[in-house]
Amino acid sequence: GVQPHLQALLSLYKLFCPELVTITLPGKMKAYFKNSEGPWKAAINAVRQRNQENSPAPQPLFLGTAQPQSRKRKWNSQLIIPASSKTKNNLEEDREKNHVDLYSTNESFPVEQLQTFSQLLQNIHRLEFPSQMGSVLTNPLLLHYMNCVKDESVSLRLYYWMGQTLQEECTWCVADSYQYEEEFKDFLENVYKAECFLQEGFSSCEEFLYKSLPLWDGFCCRSQVLRLVSWIPLSNFSEMKSQLYDPLAQLFFTSSLYFKCSVLESLKELLQNWLNWHVSHLDSESDS
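The rules behind the values
Residues numbered from 1 in each chain as written. Predicted model: local features only at pLDDT ≥ 70, side-chain atom pairs only at ≥ 80, totals over all residues. Heavy atoms only, no water. Salt bridge = Lys/Arg side-chain N within 4 Å of Asp/Glu carboxyl O. Helix = DSSP H or I, 4+ residues; strand = E, 2+ residues; numbered from the N terminus. Buried < 20%, exposed > 50% of the residue type's maximum accessible area, 1.4 Å probe, protein only. Axes fitted to C-alpha atoms, helices over the stretch in contact; angles between N-to-C directions. Parallel < 35°, antiparallel > 145°, perpendicular 65-115°, else oblique. Left-handed = near helix turned anticlockwise from the far one by under 90°. Contact = heavy atoms within 4.5 Å. Core = buried A, V, L, I, M, F, W, Y, C linked by side-chain atoms within 4.5 Å. Domains from an automatic or database assignment.

An unreviewed UniProt entry annotates the chain as CENPI protein originating from Nyctiprogne leucopyga.

On to the pattern of salt bridges, then. Oppositely charged side chains may form a pair once their charged atoms are brought near each other. Tallied over the entire structure, the rule returns 5 salt bridges. Between glutamate 181 and lysine 185 there is a salt bridge, and its shortest N-O distance comes to 3.9 Å. With glutamate 181 and lysine 185 both in helix H7 (residues 181–198) and 4 residues apart, this pair spans about one turn of that helix. Judged by its relative accessible area of 19%, glutamate 181 is buried. The residue arginine 227 makes a salt bridge to glutamate 189 at a minimum N-O spacing of 2.9 Å. Separated by 38 residues along the polypeptide, arginine 227 in helix H9 (residues 222–229) and glutamate 189 in helix H7 bring together distant segments of the chain. Residues joined by salt bridges that share partners form a network here, namely Glu181, Glu182 and Lys185.

The next point concerns the packing of helix H5 (residues 140–148) against H7. Helix packing for two helices is described by the angle between their axes and how far apart those axes are. Two numbers describe how H5 lies on H7: the axes approach to 10 Å, and their chain directions differ by 45 degrees. It follows that H5 is oblique to H7 by the angle criterion. For the pair H5 and H7, the sense of crossing is right-handed. Of the residues in H7, those in contact with Pro140, Leu143, His144, Met146 and Asn147 of H5 are Ala194, Phe197 and Leu198.

Counting 55 residues, the largest nonpolar core has Trp172, Phe184, Phe202, Trp216 and Leu244 as its most contacted members. Elements represented by at least two residues in this core include exactly H5, helix H6 (152–169), H7, helix H8 (203–212), H9, helix H10 (237–252) and helix H11 (257–287). A total of 7 residues in this core trace back to one element, the largest contributor, which is H7. Of the residues that make up this core, three or more belong to each of domain 1 (1–24 + 109–165) and domain 2 (170–287). Residue contacts for tryptophan 216: discarding those within four places in its chain leaves Trp172, Arg222, Val225, Leu226, Leu248, Leu251 and Phe259.

Shown next as structure tokens:
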């Protein structure tokens, strides 16, 4: 039967291999694995502190193939691309010994080696995406890939990762998270910039807005939230009225003139995005 802890485990699998979990999972469930990285972070911090005490010139400890900048949250704006399948030493050996062969073999191409647009064109059908899907949001080359290649597994992984991150880190839905409001703003900005790049909204972002707008105070992350509203895909009007317009209307009639103008501007951009989508869709149909 349906058991909450098994559903939570399946949702965790769905983040990394969505193609293997074909059943429909509820959108809202208890976050059993929210703090799963806690012991790892504590162990890493302990090793880092011990090394700094014993070494006159300590080197910062880092994971992955590039040295990350300091970050408090897993989705900070300076996301790095971790190694997808090989260790750092193996990658360095590959660069030295098999640099030319990377473009001629049938093996997968790790995205941490992707530096130029020409590399993307030569390896677009054998890219190996990282386990940290958040790095896609801040990487124009990977966004180009998502635009050109409709890879369902990549889209599903990004969908489930983003949906869970938005749900767990929303500063007005989760208790004791207001101290991270600036970093949550940066994350929403990255999501918005990725939507502008792709010229379409993320469905996980749409679901987040529908769930969180009734709880929103109209002040926290105002600019970022209204920008995300402008990329909501066109859907059933009755659904949008109850989940989008009604929560905004309650804030609209009780807020300042500046907020009213901001909401109208966001809805104007939403209409423009819908019209642009219809024009491009009609053009593609006429071409076919």
